[in-house]
Amino acid sequence: TTNSDGRILEERFKYPLDYKAGLAFKNGSDLTMNELVAQHMIGSPIETQTWEGVSGDLRLIEGRLQLYKDFSESNISLIRPSKVFLLEDNSPTLSVNNQIDKADSLYVNLTPENVSAYCVERASFEYEPTYGSLVEQRLAGGTPTSYIWGGKGNQLLAEVVGQSYEDIDGVA
């Protein structure tokens, strides 16, 4: 979108098929792009970016990174969001040009390349390994909110604010 003063505001969405094969976040517990594609998770965004500037001189002003994990304890896949990172306000200016491999137009890294240096974890999630129900969410710097489910993970019985799921007697 170009506004009346010539400034461009561009939103970009990146999905698992947009990256080089095997690309993964560095902590090892989250899924690689190959694993997401193998589980047909190709419509789930990994990154959302907002770029602003004038033609040929865009800078990244907002970014969101969503990581996924297999929470299953069996051979049946249970892929769910695990963490959300947001780009910090004081991150360096990032160029659009260094993200794409010119040979095949696939992204070669997560933006920014060193996620931990420029992004802050804002939320994390834990799921019940059999039915996939959300059992805990934690916002950065906040207290956890836990959920107790019945009916094979279909009926929310209780929401517990201020305790992790592991610390609630009789559920974990």
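Computed from a predicted model, the values in this text were never measured in an experiment. (Residues numbered from 1 in each chain as written. Predicted model: local features only at pLDDT ≥ 70, side-chain atom pairs only at ≥ 80, totals over all residues. Heavy atoms only, no water.)

Enquirer: For this particular structure, what's the right way to read the nonpolar core?
Expert: Among soluble globular proteins, nonpolar side chains are generally buried collectively. Core analysis: the largest hydrophobic core is formed by 17 residues, its most contacted members being Met33, Leu36 and Ile46. Contributions of two or more residues to this core are made by helix H1 (33–38), strand S3 (57–70) and strand S4 (79–87). The greatest single-element share of this core, amounting to five residues, is contributed by S3. Core analysis: the next-biggest nonpolar cluster, separate from the first, contains six residues, Phe71, Leu78, Ala123 and Phe125 among them. (Core = buried A, V, L, I, M, F, W, Y, C linked by side-chain atoms within 4.5 Å. Buried < 20%, exposed > 50% of the residue type's maximum accessible area, 1.4 Å probe, protein only. Helix = DSSP H or I, 4+ residues; strand = E, 2+ residues; numbered from the N terminus.)

Enquirer: Explain the side chain of Ser133 here, please?
Expert: As for its position among the elements, Ser133 is in the loop between strand S5 (119–127) and strand S6 (134–139). Judged by relative accessible area, which is 7%, Ser133 ranks as buried. Of the polar contacts made by the side chain of Ser133, one reaches the backbone oxygen of Gly153; its length is 2.8 Å. Residue contacts for Ser133: discarding those within four places in its chain leaves Glu126, Tyr127, Glu128, Trp149 and Gly153. (Polar contact = N/O pair within 3.5 Å; in protein donor to acceptor, adjacent residues only side chain to side chain. Contact = heavy atoms within 4.5 Å.)

Enquirer: In this structure, what is going on with the sheet that holds strand S7 (residues 144–150)? I would like to understand it.
Expert: Sheet strands pair via backbone hydrogen bonds, and the direction of the pair is either parallel or antiparallel. The strand order across the open sheet built from eight strands is S1-S2-S3-S4-S5-S6-S7-S8, with neighbouring strands paired in antiparallel fashion. Lying at the two open borders of the sheet, with one neighbouring strand each, are strand S1 (8–14) and strand S8 (155–161). Taken over all neighbouring pairs, the strand axes of this sheet differ in orientation by 15° on average, direction set aside. Bridge count between S4 and S5: five bridges; the pairing is antiparallel. Within S5, the residue paired with Leu87 across the bridge is Cys119. (Pairing = 2+ DSSP bridges. Axes fitted to C-alpha atoms, helices over the stretch in contact; angles between N-to-C directions.)

Enquirer: In this structure, what is going on with the pattern of salt bridges? I would like to understand it.
Expert: Where charged atoms from two side chains of opposite charge approach closely, those side chains can pair. Under the criterion given, the structure shown has three salt bridges. In this structure, the salt-bridge partner of Glu10 is Arg12, at a minimum N-O distance of 2.5 Å. Its salt-bridge partner being Lys14, residue Glu47 comes within 3.4 Å of it at the nearest N-O pair. Of this pair, Glu47 sits in strand S2 (residues 47–54) while Lys14 sits in strand S1, placing them 33 residues apart in sequence. Assessed through its relative accessible area of 2%, Glu47 is described here as buried. (Salt bridge = Lys/Arg side-chain N within 4 Å of Asp/Glu carboxyl O.)

Enquirer: Can you walk me through a negative patch on the surface in this structure?
Expert: Taken together, the side chains of Glu126, Glu166, Asp167 and Asp169 make up a negatively charged region of the molecular surface. By relative accessible area, which is 37% here, Glu126 ends up partly exposed. (Patch = residues over 30% accessible without salt bridge, like charges linked within 9 Å, V, L, I, M, F, W, Y side chains within 5 Å. Areas by Shrake-Rupley, 256 points an atom, 1.4 Å probe, with all protein chains shown as cover. Lys, Arg positive; Asp, Glu negative; His and termini not counted. Charge placed at Lys NZ, Arg CZ, Asp CG, Glu CD.)

Enquirer: It is not clear to me how the environment of Glu52 should be interpreted in this structure. Could you clarify?
Expert: Structurally, Glu52 is set in strand S2. When its relative accessible area of 26% is taken as the criterion, Glu52 is described as partly exposed. In this structure, the C-alpha to C-alpha distance between Glu52 and Thr1, residues 51 residues apart in sequence, is 9.7 Å. Apart from residues lying up to four places away in sequence, Glu52 is in contact with Arg7, Ile8, Leu9, Asp57, Leu58, Arg59 and Ile61.

Enquirer: It is not clear to me how the pairing of S2 should be interpreted in this structure. Could you clarify?
Expert: Successive residues of a regular strand alternate their side chains across the two faces of the sheet. Examined bridge by bridge, S1 and S2 share seven bridges and lie antiparallel to one another. For Glu11, the partnering residue across the bridge sits in S2 and is Thr50. Bridge analysis of S2 against S3 gives eight bridges, and the strand direction is antiparallel. Directly across from Trp51, in S3, lies its bridge partner Leu60.

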